[in-house]
Structure formats: C-alpha cells, structure tokens
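Examination of the molecular architecture
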There are 2 protein chains.
Amino acid sequence: MARASVRCIEEACRHRQEVASRKCACESCGGLLEIQNEFTPAEAGGLKTIWHQRKMSPDAIDRSGVWRFRELLPFLDANPRIISLAEGSTPLVETEQAGDWAGGVRLAIKHQGSNPTGSFKDLGMTACITQAAALGVAVVACASTGNTSSSMAAYAARAGIKALLFAPYGHTSPAKLQQAMDFGATVIEVEGSFDDAFKLLTPLAEELGLYLVNSVNPYRIEGQKTIVTEMMEQRSWVPPDYIVVPGGNLGNASSIGKGLAELKTLGLIERVPRLVVIQADGASPFYRMIASGTAGLIPEESPQTVATAIRIGNPANWKKARRALEWTKGLVEVVTDNEISEAKAMLARDGVGCEPASAATVAGIRKLRAAGRMERNADVVAVLTGHQLKDTAYIQSRLDATPEKFRKFRVPARLDAVRKLVEALLAESQEAVSPRTN
Amino acid sequence: MARASVRCIEEACRHRQEVASRKCACESCGGLLEIQNEFTPAEAGGLKTIWHQRKMSPDAIDRSGVWRFRELLPFLDANPRIISLAEGSTPLVETEQAGDWAGGVRLAIKHQGSNPTGSFKDLGMTACITQAAALGVAVVACASTGNTSSSMAAYAARAGIKALLFAPYGHTSPAKLQQAMDFGATVIEVEGSFDDAFKLLTPLAEELGLYLVNSVNPYRIEGQKTIVTEMMEQRSWVPPDYIVVPGGNLGNASSIGKGLAELKTLGLIERVPRLVVIQADGASPFYRMIASGTAGLIPEESPQTVATAIRIGNPANWKKARRALEWTKGLVEVVTDNEISEAKAMLARDGVGCEPASAATVAGIRKLRAAGRMERNADVVAVLTGHQLKDTAYIQSRLDATPEKFRKFRVPARLDAVRKLVEALLAESQEAVSPRTN
C-alpha cells in the first residue's frame, strides 16, 4: 500500500537518495534526511483490524510493537531479517496525583522505560539495525549520552554487528555504560561533551565506513514514530489534547511529529494532539530559539543539567522538531533541575519510577499550567523515556543531598532490637497522621 | 464463573480461612495458605476471546497483563479498586544463539524484567496490594533480597500505604535498595541473611499488625500465576515442552505450577509443560532435597551465590514448589556462579540482558542437556525474572575481574587522536576475522 524513498528535508533541496544508501546526510546539501512514505489513504481502512489481529499471532515480527505496524514502515524488502527484541507494547498508566500536582490535568504516562534495554531508543533501533543488517553493515557507531548506546549494543549484538560507542567522558550515567559493555560494545570515552563526541564521529563514520545510528539516521525516526500509533490504539484511537516529551537531541519530537502527521493523512485519527517539548534549563537551545523567534538554532557551548539524557547543546534534529511543532501547534517549555527532581518525586507517589530526563515532562506541564498555557483538565500523555534504574547514581545523589527525606536504618538480627525500631517507626507515622493538639 | 476461598495446603489440615483474613499462615496448623478457586470448566469456552478483546480496551484494568485475566482471580469483590501499573504483557523473544549454546534446544525467553519495577514480582504485587487496599491495610512489610522490595514500594506508594522493607545488610544489589527508597519505602537493614530477616519479620508482622507481602502471602501467588496464561496466549495456546525458572524462595515455581494446573482444569491447554527449577550452587536446599529424596527441606545456613535474588537458604514455598514438580513431572538442577556468568554472556549475544539469577535458567538447561535429561530440539521457555539494570554492581564486578573481555578507551576530543584509535580497533577486528596465514 505504500512506497518509501529517502529525501532531504530542506525545501530548497529535496534531493532524493535511494533507500539502500548508507548516508545519514543529504549528498547534495548536507541537510537532514527523512523517509518519505507515499501512502494510499483509501487502503488504510482495514489496518486497525489487522493490527489488532496480530496481537494474537505467535510470529516474532507480530510480537514487536514496532513491526506489528509494518504498513507504516514500507522501506524494507519483502522478506527482511527483522532484528527485534519484542520492543514496544509499553504501558500507558494514569498518574492522578502527579496530574493534580501539575495543576489539575488528566495525566497518563506512556512508559518507554519498559522497552528491552530500558528506553525509547529501542523502537528506533530495531528499525535502524534491521536496515543495517539488510545493507550488510559490519560496524555500527553512535555518539551517546547513554540510552542510544545500550540500545545499539543490544540490537547490534543480536544482529552479529560490531558496535562502537562514543561517550562524553564523565557525563554518562555509569549504569548505561555498564549496560552497553555487558552487551559487548566497545566504548570510546571522549574528553568532551556529547556534542563534541558527535561532531568527531560524523566525519569519521563517513571516512572509515562506520554506519551511523544516531537519530540523524532516518530509519531511527521511522521505528520511533510507532509510539503514537500504539498510544492511539491503547486509547481506542481517541487522541489526547497534548503529548509531552523531554527535549534533548529532539529525536522524540521529530518522530512523534512525523507519526502524527502520517496517522492523520491515513485517516486513522481525526485530529492531531499538540506536541509539547520540555528542555532542561542549561541545555535549552531549542526552547530559546522558539521563545525568541530566531531563525536558526544557536548551540549551547557547555550544556549543564542533572538530566544527562538531555544534556545536549546542539541538537541534530532541531529542524525536524521545529516542523513538528508547526504541524501540531506545539509548545516548548524549560524547567530547572530542582523542578525535575520535584516532578520525579511526585511520579514516585503514583508508583512510577523514571530517569530524571523523563520527569522533565511533568515539571513542564506544571509550568505550562501555572502560566495558563495549558487548560485545566486537559487530557495529557507524558512520554517517560527511560527506566528508573538507568540512573541510580542520580537517586543516590538525592539520598546523599537530602537524607532527611529518606529512611534507612541498620539493626542487629535480634527480635528485641528490630521490634524496638519498628515500634518507634510506627509511632512516628502515627504522630504524623494525628498531630498533637495541645 | 468461580468462587475463591483460602485454604491450608497441608493435607492433614485443609483448614479454611475467609478471603478477608490478613493472615499469611494457617490459623490452625501454621502451614502455607493458598487461594482455592472453584472454576466451572464448562464456562471457560469464551475466555480466550474475551481476553483477546480486552487488548483493545482503553480501561486501565484491561491494560494490565494480570487483571486482563481476572476470571482466574475471583477473590475480589465486584468493583474493587485495582492498584495496577499496567504490569505484565512482557516480551517472549527467541534466543537462538543461547539455545544452541545450551545444547541445541529451541529456546525463547519470557522477560519479566520488562515489568514496571523491573522484575516478575510486579505480577504478584498488584494482586497482593489490591487485596491490602481492599482490607484497609495501613502498613505493608516484606523481607527481601531486593526485587520484592522495589515492587512493594512502588505499588504501596500508588495505594497510599506505608511500606517497610527488611533487607539483609550487605547482600542486596545497591540499585534495588536505591529503587525502593526512590519510591519512599523505609529500609531496615538487618545484620544477617535474607532468611534471618524473614524469620524476624514473620512474628513481628503478626504482633504489630503489619501486612506481610512476601510470597507466603497467597495473593502474591495468584497474580504471579498469570505469567503462564499470557505465555500460552503468546504461543497461540501451544504449550512448550519445558518452562524453566530460577529457584530462590520458590514463589515462581509455586505460582507457575498452580497456573498450569488451573489452565489444564479449565481445558485451556491440552497438556502441561514440565516445570524446571534451577538453583544456585551454594543456595540449593530444594535441589538437595529432591536429588536425595529426603522427606523435608534442610535449610542452608549460610547461602552463598553472586545471584543475590536467589541467595536464599530456607525457601518458604518449598512445599508448594515440590507439589508443582509432582503436577508437572518437573526437574531440578543446580549451577555454579561461573556457569551463571557464562550463560549471561551468551544471552547478551542474543541482545538479551538480565540480572544473574535469571541467567541461571540457561546455565541449567545446558547442564540438563549435557546429562541427557532434556531432549535435543526441545521447545523451551526460560523465565528471566529480573532486568539487566537490577544488578549493575554485578556487571561492574565482571568488568573488574576480566578486563580483557571488555573494551573501554579514553581519548582527547581531537579528530586525529580518535581516528588513530578507531583505525586500530577496526584493524584488530579485521585481524580477528581473517587471521594471518603465513
């Protein structure tokens, strides 16, 4: 029902490359590439039924929350070797307390941390590594703050492809590096920022024939866009008012924008939700560009935030993200590290854990509500991008910084000692419930 | 279609308690309790269709991989407040390389690490905390090697219930404690083993009115048993030959055994797969009991294994697990820490990460194959119980112990330096592919 080609997004260029090209930048002007899918909307009628039926299929391809929607990914040959870990099918969970705290919105989270390697990156990586395998690639590489690297490492291992990771030295969560190494990736720690690492890798990849799997790789965006299809299906195809994502390299904003536009073209949704991008103060060049109305993005030389996953000063996908905001009448906001920390604690009250970058979404919603830029009772889905366990160093730093907020005790293994402690703890919480009135 | 009651599993006792009781041991003889569900098999015909239809439902209860099968959990009142984080719906993934390595079996893994808090415990915890909320419980408590505690912490937070965690001091993965504290649980580190902590908690819970949510709580087993229903559904209701689980406190073996027995009773599967329990050498009292044919379990005083999740010397559920082996013609095997480490590395080649206890399954399959106790080409599902990120300390200890197996380099952010390193790495892997012949 559809044909795919690779096209430059620059309006003045629109150069086309073949799907089999290994390049991640336009051969003509150096611009960003995207996959252009020419769909036939008239044939979309049966898709919802087909996708539902596949939920009962025992085939591996149908157990993937990306490839179950393969009609939206028509770039592959008829019988591709799919490199999948059954990614997707992630939870949509109502978070009432966090929604109240954020200013009275009807909030649900779509938790991408439940993906195989613990982040949203897996959706794009299955598409990208499947394409790499089809192209016969021997070595894949990425620059990464951590989540891309563990995802690349897992899928490359499964495909039998060597993986090289360029990480900013000292600015990656230890758990993410350990994870990538556990999958056998080779780690190159570059003494600089993510942006430095990415800037070094780009020409080297070209020169040495490494296949670049950063989100400038257009196949990444294709896999990643399926998050909105799955989200709409979980909501019986009723779009929310807003979809909120953290903004780092802006791959999420780009892919969600594209996914929504395609669903609308196909007639699978009746209206397009507004896309909201939340950046961290200290790493917010996209916010500044939109807020100030400047024509181009001015990179942030030394991005700073505790949310390492979005600690990016020169986001590669800003043009696609800006287009996504235009398509969806979107919004951008910025939040501080403290606001992120508070939002994370609020999500924890709903039983939801995440890495700090993910909590930026809820912090941003609160700020938009306070400014009257989002309506009370709005129907909002926040995309949580990474697992709580992706950044236990961050949790530990909070335990160390505010020990009074956490409770940990050590006792000898004797009944009397333990009883005494527990009785004291119970009395204490009793006091907290019924404060003395005298 | 069914009625539930709570019954002692001891054949000589069979005392019944009401479903509303808070007790986790038989009031008459102190034995293990279980939920007895009286099903009407004739009414089971439409269940598969109902469960499939619920996959398109936008209701929170239907988005849970436990409560979607609620006909199998008839212990609740008509309109309960369900405490759910959309647990379940976990991936089933073919692992061909690990299957070859294990001795030529058709191996797939069912990855419980994709659950909300990163382990299989969430399936049981949603049932148990839902019951706690229905009973009006104020404080829940557990002894835990880590996974139970983070799960309890998340679900208790969501229910607004205070959570107390008894952890063996120095024998819990740091990530798991950080996770539980991130959800606001109070941690009591007991200077002893898991078994010591559990032994202290049991009488205290009774005395001080704490609701015990360890796997002796029969509602835990009810939620957890749904893993087999979901697994069978993913396989179009064709049972595998074997289901393999790691064995610590034996809650998995108990719940899977009960789940399979109920599915067979209801006519939803035609035959029952054999259940295989793998213990870690150094924490293998159940293995020793079965292998030596002794009548009762002799606890291991000082259990030792790197797989902290199954570092348990006196498993509470051994009688239920033994019964499950009888029902399913099951097997038990034991593996060393080295075998666990090797198996984990093999799973990584298939792109699958897990905590060490989970890898014990694949190590055990290899041993059973080598001994001829499992057939070549057997159709096997290994249940991986915990997420790779649950124990990054273990990954780090492997990196430290065998640095030659891992590749990590640090370079200045200069193109020449990075180029030189990457060229050397590529030449090296080229050499590995085509060794010199002269």
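This structure is a prediction, so every number in the text was calculated from the model and none was measured.

**Here's the deal with the overall build of chain A**
- Of the regular secondary structure elements, chain A holds 16 helices and 14 strands.
- Relative to the compact-globule value of 22 Å for 438 residues, chain A shows a C-alpha radius of gyration of 22 Å, a close match.
- With the C-alpha coordinates aligned to their principal axes, the bounding extent of chain A is approximately 80 × 50 × 45 Å.
- Buried residues in chain A amount to 64% of all 438 residues.
- Intrachain contacts of chain A at a sequence separation of at least 6 include 70% that bridge at least 24 residues.
- Per element, the accessible surface of chain A, about 15,200 Å² overall, is 48% carbon and sulfur.
- The centroid of the 51 positive side-chain charges in chain A is displaced by 2 Å from the centroid of its 48 negative side-chain charges.

**Section: the interface of chain B and chain A**
- Tallying the contact residues gives 87 residues for chain B and 87 residues for chain A.
- Taken over both partners, the interface formed by chain B and chain A buries close to 7,800 Å², and the fraction arising from carbon and sulfur atoms is 60%.
- At the boundary of chain B with chain A, the tally comes to 10 salt bridges.
- Note that glutamate 94 of chain A and arginine 63 of chain B form a salt bridge whose closest N and O atoms lie 2.7 Å from each other.
- Put simply, chain B and chain A have 35 residue pairs in polar contact (both at pLDDT 80 or more) between them.
- If you tally residues by element for the side of chain B that touches chain A, the top one is helix H16 (residues 415-433) of chain B, at nine residues.
- A per-class count over the side of chain B that touches chain A returns 44 nonpolar, 20 polar and 23 charged.
- Both strand E14 (residues 407-412) of chain A and strand E8 (residues 186-191) of chain B contribute to a ladder of six bridges, which runs parallel. From the neighbouring strand, arginine 407 of chain A faces E8 of chain B, where its bridge partner is threonine 186 of chain B.

**Here's the deal with the confidence of the model for chain A**
- In this model, chain A carries a mean pLDDT of 94, and residues with pLDDT of at least 70 account for 98%.
- Confidence drops under pLDDT 50 across residues 434-438 of chain A; counting only partners more than four residues distant or on other chains, this segment forms one contact.

**Re the relation of the copies chain B and chain A**
- For the match of chain B to chain A, the screw axis carries a shift of 0.0 Å, the RMSD comes to 0.0 Å, and the turn is 180°. In the structure described here, the two chain copies are related by an operation that fits a two-fold rotation axis. Relative to the rotation axis, the C-alpha of serine 114 of chain B is the closest in chain B, positioned 2.5 Å from it.
- An overlap of 100% is found between the interface residues of chain B and their copies at the interface of chain A, pointing to a shared contact surface.

**Remarks on the packing of helix H11 (residues 285-292) of chain A against helix H12 (residues 318-328) of chain A**
Residues and elements named next belong to chain A.
- Running from N to C, H11 and H12 point in directions that differ by 50°, and their axes come no closer than 11 Å. Between H11 and H12, the interaxial angle falls into the category oblique. Crossing of H11 against H12: the hand is right-handed. Each of Phe286, Met289 and Ile290 in H11 lies in contact with H12, whose residues at this interface are Trp318, Ala321, Arg322 and Leu325.
- For the contact of H11 with H12, a count of residues per class yields six nonpolar, no polar and one charged.

**So, the side chain of arginine 235 of chain A**
Residues and elements named next belong to chain A.
- Locating arginine 235 in the fold gives a position in the loop between helix H9 (226-234) and strand E10 (242-246).
- In this structure arginine 235 comes out as buried when scored by relative accessible area, which is 15%.
- Here valine 238 takes part through its backbone oxygen, which lies 2.8 Å from a polar atom of the side chain of arginine 235.

**Some words on the sheet that holds strand E1 (residues 2-8) of chain B**
Residue and element names in this part refer to chain B.
- Here we have three strands laid out as an open sheet, ordered E2-E1-E3, and antiparallel in their pairing. Sheet topology places strand E2 (16-17) and strand E3 (33-39) at the edges, where each strand pairs with a single neighbour.
- By the bridge criterion, seven bridges tie E1 to E3 in an arrangement that is antiparallel. Residue alanine 2 lies in a different strand from E3, and its bridge partner there is phenylalanine 39.

**Describing the side chain of glutamate 71 of chain B**
- Residue position: glutamate 71 of chain B is located in the loop between helix H2 (60-63) and strand E4 (92-94).
- Only 3.0 Å separates the side chain of glutamate 71 of chain B from the side chain of tryptophan 51 of chain B, close enough to count as a polar contact.

**Some remarks on the packing of H9 of chain A against helix H10 (residues 251-265) of chain A**
All names here are of chain A.
- Here H9 crosses H10 at 55°, and the two axes come no closer than 7 Å. Judged by the inter-axis angle, H9 sits oblique to H10. Counted together, Ile227, Val228, Thr229 and Met232 of H9 and Ile256, Gly259, Leu260 and Leu263 of H10 form the full contact between these two elements.
- Its residues assigned to classes, the contact of H9 with H10 comprises six nonpolar, two polar and no charged.

**Digging into the pairing of strand E7 (residues 162-168) of chain B**
Residues and elements named next belong to chain B.
- With six of seven residues buried, E7 is to be regarded as a mostly interior element.
- Note: strand E6 (residues 139-143) against E7, five bridges, orientation parallel. In the strand pairing of E7, alanine 141 is matched with leucine 164.
- Once the chain exits E6 it traverses helix H5 (residues 147-159) before rejoining the sheet at E7, and the crossover so formed is right-handed.
- Sheet topology note: the E7/E8 ladder contains five bridges and is parallel.

**With respect to the pattern of salt bridges**
Residues and elements named next belong to chain A.
- On inspection of all chains with the given rule, the structure shows 56 salt bridges over all chains.
- The partner of aspartate 62 in a salt bridge is arginine 54, and the shortest N-O contact between them spans 3.7 Å. The pair aspartate 62 / arginine 54 is uniform in exposure class, with both members buried.
- Glutamate 428 is the salt-bridge partner of arginine 407, the closest N and O atoms lying 2.7 Å from each other. Linking arginine 407 in strand E14 with glutamate 428 in helix H16 (residues 415-433), this pair joins segments that are 21 residues apart in sequence.
- Taking the relative accessible area as the measure of exposure, arginine 407 reaches 29% and is therefore partly exposed.
- Through salt bridges with shared partners, one network takes in Arg54, Asp62, Arg70 and Glu71.

The rules behind these values
Residues numbered from 1 in each chain as written. Chains lettered and ligands numbered in written order. Predicted model: local features only at pLDDT ≥ 70, side-chain atom pairs only at ≥ 80, totals over all residues. Heavy atoms only, no water. Helix = DSSP H or I, 4+ residues; strand = E, 2+ residues; numbered from the N terminus. Rg over C-alpha atoms; globule rule 2.2 N^0.38 Å. Buried < 20%, exposed > 50% of the residue type's maximum accessible area, 1.4 Å probe, protein only. Contact = heavy atoms within 4.5 Å. Areas by Shrake-Rupley, 256 points an atom, 1.4 Å probe, with all protein chains shown as cover. Lys, Arg positive; Asp, Glu negative; His and termini not counted. Charge placed at Lys NZ, Arg CZ, Asp CG, Glu CD. Buried area = accessible area lost by both parts, 1.4 Å probe. Salt bridge = Lys/Arg side-chain N within 4 Å of Asp/Glu carboxyl O. Polar contact = N/O pair within 3.5 Å; in protein donor to acceptor, adjacent residues only side chain to side chain. Nonpolar A, V, L, I, M, F, W, Y, C, P; charged D, E, K, R; others polar. Pairing = 2+ DSSP bridges. pLDDT = per-residue confidence, 0-100. Least-squares fit on C-alpha atoms with pLDDT ≥ 70 in both. Axes fitted to C-alpha atoms, helices over the stretch in contact; angles between N-to-C directions. Parallel < 35°, antiparallel > 145°, perpendicular 65-115°, else oblique. Left-handed = near helix turned anticlockwise from the far one by under 90°. Right-handed = clockwise from strand over helix to strand, strands pointing away.

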